[in-house]
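Structural characterization, general
Now for the letters of each chain:
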Amino acid sequence: WDPRTPAAARGCETCHGGNPRVADAAKAHVGVLPAADPKSLVNPTRLPETCGHCHKPELEAFAPTVHAKVLEAAGRGPTCSLCHGAMASSLPSPGELDARCETCHKKPVEAKTALAVLANSKIQLHRARQSLDAAKGVDPKWYAGALDRFHALERTYHDVQRKWHTFDTDSVRRECHDLLQLTKALD
């Protein structure tokens, strides 16, 4: 496994194990275990570590959370696949997220609102970038300064996105709201 390998070039073995260099299917799958096996790389208790090979900042954010501790202690609980699907190919809508959180949380949580504000922040960043690109030729000095401010806002967005993995939804919501206002001002 090499984290520098582009995602499109990674195969099943990245997450499931096995040997992709062997032509025989049985030999290629030696060591691949079903997800129910505690030794499997995709067992719920090991999934954060497996995903963390490529997503270190997200793992670092998740590891100290109550959710991670429950997963480790009970062998079940929220994992990467709860939000991103079995093949890490999706993100839940705010409504889907609410339903997933309500599986364990019997009271309302702010995840739906925080996710909606996070999504709006991303949309507003995209709009601001389009506006900047449209104004590129007007004043090169102004454009360079505005682009620097845009990149700073983009970095802030990525920091907040990582913070999402701490499940501190109140903080994510507040920081996204601030980011949204700054991005609208830049736009």
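In case you missed it, the structure is sitting above this.
We now turn to the structure provided with this report. (Residues numbered from 1 in each chain as written. Predicted model: local features only at pLDDT ≥ 70, side-chain atom pairs only at ≥ 80, totals over all residues. Heavy atoms only, no water.)

1. Considering the layout of surface pockets
The space that makes up the second largest pocket amounts to roughly 520 Å³. What lines the second largest pocket is a set of 23 residues, among which His-67, Pro-78, Cys-101, His-105 and Phe-167 lie closest to the centre. Put simply, the parts of the chain that give the lining of the second largest pocket at least two residues each are helix 5 (66–74), helix 6 (80–84), helix 7 (94–101) and helix 10 (169–186). A per-class count over the lining of the second largest pocket returns twelve nonpolar, five polar and six charged. (1 Å grid on protein atoms, 1.4 Å probe; cavity = no way out; pocket = protein on both sides within 12 Å on 5 of 7 lines; lining within 4 Å. Points joined across faces, edges and corners; volume = space filled by probe spheres on them. Helix = DSSP H or I, 4+ residues; strand = E, 2+ residues; numbered from the N terminus. Nonpolar A, V, L, I, M, F, W, Y, C, P; charged D, E, K, R; others polar.)

2. Re the nonpolar core
Judged by nonpolar contacts, the single largest core of 23 residues is most densely connected at Leu-97, Leu-118, Leu-132, Phe-150 and Trp-164. When residues of this core are traced back to their parent elements, those giving at least two are helix 7, helix 8 (111–134), helix 9 (140–163) and helix 10. Examining the composition of this core, we find that eight residues originate from one element, helix 8, more than from any other. Not counting the four nearest positions on each side in its chain, Leu-132 is found in contact with Trp-142, Tyr-143, Ala-146, Leu-147, Phe-150 and Leu-186. (Core = buried A, V, L, I, M, F, W, Y, C linked by side-chain atoms within 4.5 Å. Buried < 20%, exposed > 50% of the residue type's maximum accessible area, 1.4 Å probe, protein only. Contact = heavy atoms within 4.5 Å.)

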